[in-house]
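For reference, the chains in residue letters:
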Amino acid sequence: MKKNMITGSKLWSIAMITSLLAACSSPATTSTTANAATSTTGTTKTVSVSEQTSVKYADLVSLDADDTNISWSEADSTAIKLNGTTATVTGSGAKAANGSVTISEAGTYVLSGELTDGQIVVNVADKGTVHLVLNGATIHDNDSAAIYIQKAGKAVITLEKGTKNTVSDGKTYVYADATTDEPDAAIFSKADLTFNGAGQLTVTGNYNEGITSKDDLKIISGSISVKAADDGIKGKDMVAIQAGTITIEAEGDGIKSTNDTDTTKGFVAIAGGTFDIQSGNDGIQAETALVADGGTYNIVTGGGSANAPAKVEEGPFGGGGGGWGGGTPPTDMGTPPDGEPPADMPEMPNNGGTNAGANTNGAAASSSANATATTDSNADADTATTATESTSAKALKAGTDLTVNGGTYTIDSMDDSLHSNNNVTVNDGTFNIESGDDGIHADQALTINGGTITIAKSYEGLEGAIITLNDGDVDVTASDDGVNAAGGETETAANTTASTGSATTATDATTTSNISVTETTGTTSTTDQASQGTTANQQGRGPGGMGGAAASNNEFHINGGFLTVNAGGDGLDSNGSINMTGGTVIVNGPTDNGNGALDYDGTFEISGGYLVAAGSSGMAQGTSDASTQNTIVMTFPATQKAGTLVHVQDSEGNNILTFAPAKDYQTVVVSSPDLKKDGSYVIYSGGTSTGKAVDGLYTDGTYSGGTQVVAFQSTSNVTWVNESGVTTANTGMGGPGGGGGQGGFGGGRNRSQSGTTSDSTGTTDSAK
């Protein structure tokens, strides 16, 4: 969780004020819509996402006969024989002069031999199609593009089967005047450009780019290797790749489209192929949509994840201006000497910069002028630091929607591995990801409908304003949050004073995606806000910000699939709510008490599926009381070592849970369709199982040898237990409410208790 914090005496003052506000009138913001749609009261930006449809290559790209034509004959073509600094033309439509060849008529031209310092120029006034066949050709120009399509209706370059062809330029170009900056690539076209054939082409762009088209760029087939001083392959209106073997080594972007003025253009669409891309910046970048139906990809960006700038968590106290959350503020705070908190107050890290502030509306204040964080313009929306744009080194990046329908992806990216400024939809595919930032990031909706996704390394695994898991096998390892529903157009600042008035609404319907954004500026009544806070902000949870930490519109929906999370920060984190109707979720959460295996600001309603989440106890949350499926939250008297089995069985000996957490833990949350509201259960620690574990979860075999921790009868659909039996949710200091601003002090015991941890987790409904 990327969070900011307040230090020193200002922190104490704000904490005292906000804790009193929370105790008196904690405002509630409650999600009122179902899967992938949100609506809240207050000053609100609402995101409504319709059912995602699969956009494919064929929906965006159409081919004509010229695109696929690879045939030619000597009788119907003009032969161009290259020889050092000269060329011989046999046939019509082309002339050789001064070491260059100019083609002035539509037709087929077959090039062979070597041109050591010269240029192939296409300048066809009637806009016809020029078909260039590279039949064992080597072309180099010292001070300009080696192949320059100045004017034509279309240019098609065929790589003759069984041939090797080379095109390169020099490091310095000579232009006609100071206002001229084209061409700037070894192969440069102002017209539509298509590559086909079964031969090989090696392109070296020493000056700037390798291959550039100012219109459409299509690759139908062939083996193409590009090394470029900047971008490897660039098309303005589109880059469409049907098949082929593409190898790119680029200092800039690997493959990119650039049209930012027409929403129907500027896309990259890939049907298949084999890709090996090493880029200094983005691997594949589309100005608008990026669609990949299949293919095999090996992408390394920015030197890989090991080259990512170090991420520094700014403190465990996020959540839009919140303070003491999840319960009644402690009564023994005392009077801090010189404005400092008592000695037993949870320690606040000192970032060493100017203190950030918070306002009474719960919105995070601007960061100080001394903030040094530098992030990409698409950085996480819940980071409140002043940012400047830095190098973008994402693997797959879309300006609007990123859709993956299949393929095999091996990615080592300095920046996000999959990124969209709008929506990401994964329908299928196999992913092996190591990311220096987010594994998969969507500014708006992230939807996973299938595939096998392994994020072996990331800062945050999955991030989006609204995240939906419908199917697929997802395994996330993150140094911070495993899954983070945050940011987008969904941040909410809840008013803390009662008022009335009219609301103004503006709607922006984005035609290039399935998402519409409605911004409403209105007011919030604080009538009975204390009771609302009980049922919305504090339901089934101990930590969480209060006051300004009212839930945002962010949502995480789990409808199916298999999700495994190993997180150094929060396991599942939503700045709004979590809803689970199916699937299996395994969370190995944090070992520190500043984060939680589950962390949400609204509600976590579960009606189906299987959930187990293990982690530290300080910020522990269970599911919400409004859930229709039952949950047990167990807090052990001391931290349990990684691999120590926790076993839950009913009074008849039926297995509910046998789980070996991957890390040290003190709290375990389990929700299963087999749990009953009035059931009798026994929890064991240690022991062994003869079954086979998948991600630590045993689904068969026999459990034995454990030590009974507690036997109890569940009393509600969310039952909190410790070694003494059924207990209540924690009424001590709550924790932060996710990213997006200042949060509350996190997860301590009830400050009226001594050092015991026997009832140190969760929340209570009694705090008003």
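Everything numeric in this text was worked out from a predicted model, so none of it was measured. Along each chain, residue indices are assigned from 1 in the same order as the chain's sequence is written. Confidence filtering applies because this is a predicted model: local features only for residues at pLDDT of at least 70, side-chain atom pairs given and counted only at 80 or more, and all residues used for totals across whole chains, interfaces and linings. Excluded from the side-chain calculations are hydrogens and water; all other atoms, namely the structure's heavy atoms, are used.

**Q** Just give me the short version of the overall build of the chain, but keep the residues and values in it.
**A** For helices the rule is a DSSP run of H or I covering at least 4 residues; for strands it is a run of E covering at least 2, with both sets numbered from the N terminus onward. Secondary structure assignment for the chain yields 4 helices and 59 strands. To sort residues, take the accessible area from a 1.4 Å probe on protein chains only and compare it with the maximum for the residue type: under 20% means buried, over 50% means exposed, and anything in between is partly exposed. A burial count over the chain gives 58% of its 768 residues as buried. Across the chain, contacts joining residues at least 24 apart in sequence account for 62% of those joining residues at least 6 apart. Per-residue and other accessible areas follow the Shrake-Rupley method at a 1.4 Å probe size, with only the shown protein chains counted as cover for residues. Accessible surface, the chain as shown: approximately 27300 Å² in total, 46% of it carbon and sulfur. What makes two residues a contact is simply this: any of their non-hydrogen atoms within 4.5 Å.

**Q** Give me the pattern of salt bridges: which residues, what numbers.
**A** Throughout this description, the term salt bridge denotes a Lys or Arg side-chain nitrogen within 4 Å of a carboxyl oxygen of Asp or Glu. Taken as a whole and assessed by the stated rule, the structure comprises 11 salt bridges. In this structure, the salt-bridge partner of D67 is K218, at a minimum N-O distance of 3.2 Å. Within this pair, whereas D67 is found in helix α3 (residues 65-68), its partner K218 is found in strand β16 (residues 216-219), the two being separated by 151 residues in sequence. Accessibility assignment for this pair places D67 and K218 in one class, buried. Among the ionic pairs, K265 bridges to D237, the shortest N-O distance being 3.9 Å. Within this pair, whereas K265 is found in the loop between β21 (255-257) and β22 (267-270), its partner D237 is found in the loop between β18 (233-235) and β19 (238-241), the two being separated by 28 residues in sequence.

**Q** Kindly report on the pairing of strand β12 (residues 185-189), identifying the contributing residues and their values.
**A** Successive side chains on a regular strand alternate, one facing one side of the sheet and the next facing the other. Buried residues dominate β12, accounting for 5 of its 5 residues. The pairing criterion is simple: DSSP has to find at least two bridges between the two strands. By the bridge criterion, 3 bridges tie strand β9 (residues 147-151) to β12 in an arrangement that is parallel. Note that in β12 the partner of I147 across the bridge is I187. Sheet topology places β12 next to strand β15 (residues 209-213); 4 bridges connect them, and they run parallel. Of the residues in β15, the one forming a bridge with I187 is I211.

**Q** Quick rundown of the packing of aromatic side chains? Include the residues and the values.
**A** Here a pair means two rings of Phe, Tyr or Trp (six-membered ring of Trp) with centres within 6.5 Å. Their orientation is stacked below 30 degrees between planes, edge-to-face above 60, and tilted elsewhere. Using the criterion set out here, one finds 11 aromatic pairs in the structure. Centroid distance Y173 to Y207: 4.0 Å. Interplanar angle 15 degrees. Geometry classified as stacked. Pair noted here: Y173 is in the loop between β11 (164-169) and β12 and Y207 is in the loop between β14 (200-205) and β15, with a separation of 34 residues, a long-range link. For Y173, a relative accessible area of 8% translates into the label buried.

**Q** A description of unusual backbone geometry should follow, citing residues and the corresponding values.
**A** Here the residue pair E182 and P183 is connected by a cis peptide bond, since its omega of 0 degrees sits within 30 degrees of zero. Within the secondary structure, P183 sits in the loop between β11 and β12. Phi at N98 takes a positive value of approximately 55 degrees, unusual for a residue other than glycine. The residue N98 is located in the loop between β4 (94-97) and β5 (100-103) in this model. A positive phi angle, close to 65 degrees, is found at K127, a residue other than glycine. Mapping K127 onto the fold places it in the loop between β7 (120-123) and β8 (129-141).

**Q** Before we move on, can you summarise the environment of I120 with the specific residues and values?
**A** Along the chain, I120 turns up in strand β7. A residue is classified by how much of its surface remains accessible, and I120, at 0% relative accessible area, is buried. Here the alpha-carbon distance between I120 and A146, two residues 26 residues apart in the chain, equals 6.2 Å. Beyond its immediate stretch of four places on either side in the chain, I120 contacts L82, V101, I103, L111, L115, I139, A146, I147 and Y148.

**Q** Which residues make up the pairing of strand β28 (residues 401-404), and what values go with them?
**A** Burial of β28 is two-sided: the residues D401 and T403 facing one way and the residues L402 and V404 facing the other way are all buried. Two strands pair when backbone bridges link them, and strand β25 (residues 290-292) and β28 are joined in this way by 3 bridges, in the parallel orientation. Looking at β28, one finds that L290 is bridged to L402. Examined bridge by bridge, β28 and strand β31 (residues 423-426) share 4 bridges and lie parallel to one another. Each residue of the ladder has a partner; that of D401, found in β31, is N423.

**Q** Can you explain the confidence of the model for the chain? Please cite residues and give values.
**A** Segments scoring low in pLDDT should not have their predicted coordinates read at a detailed level. Per residue, pLDDT captures the predictor's confidence, and it can take any value from 0 to 100. Residues of the chain with pLDDT of at least 70 account for 70%, and the chain-wide mean is 78. Overall, residues 1-51 carries pLDDT values under 50, and its contacts beyond four positions in sequence, including any with other chains, amount to 189 contacts. Within the model, the stretch residues 314-389 combines pLDDT values under 50 with 209 contacts to residues more than four positions away or in other chains.

**Q** Outline the environment of P673, supporting the account with residue identities and numerical values.
**A** Relative to the helices and strands, P673 is located in the loop between β51 (665-671) and β52 (680-685). Look at P673 and you get exposed, because its relative accessible area is 56%. Distance in space between the C-alpha atoms of P673 and G608 is 6.5 Å, their sequence separation being 65 residues. Here P673 is in contact with G609 and Q629, once residues within four sequence places are set aside.

**Q** Go over the side chain of T194, please, and point to the residues and values.
**A** Structurally, T194 is set in strand β13 (residues 192-197). What makes T194 buried here is its relative accessible area of 1%. Those residues in contact with T194 that sit more than four places away from it in its chain are D67, K154, A155, V156, I157, K218 and I220.

**Q** Which residues make up the environment of A186, and what values do they have?
**A** Note that A186 resides in strand β12. For A186, a relative accessible area of 0% puts it in the buried group. Contact partners of A186, with chain neighbours within four places excluded, come to A145, A146, I147, V167, S168, D169, Y173, V203, T204, G205, E209 and G210.

**Q** Got a sec to walk through the side chain of S689? Specific residues and values, please.
**A** With respect to the helices and strands, the residue S689 is situated in strand β53 (residues 688-689). Throughout this description, a polar contact denotes any pair of N or O atoms lying within 3.5 Å of each other; where both atoms belong to protein, one of them has to be capable of donating a hydrogen while the other can accept it, and for residues adjacent in sequence the pair is counted only when both atoms sit in side chains. At a separation of 3.1 Å, a polar atom in the side chain of S689 contacts the main-chain amide nitrogen of G691. Each residue touching S689, except ones within four places of it in the same chain, is listed here: L645, T658, Y698, D700, T702 and Y703.

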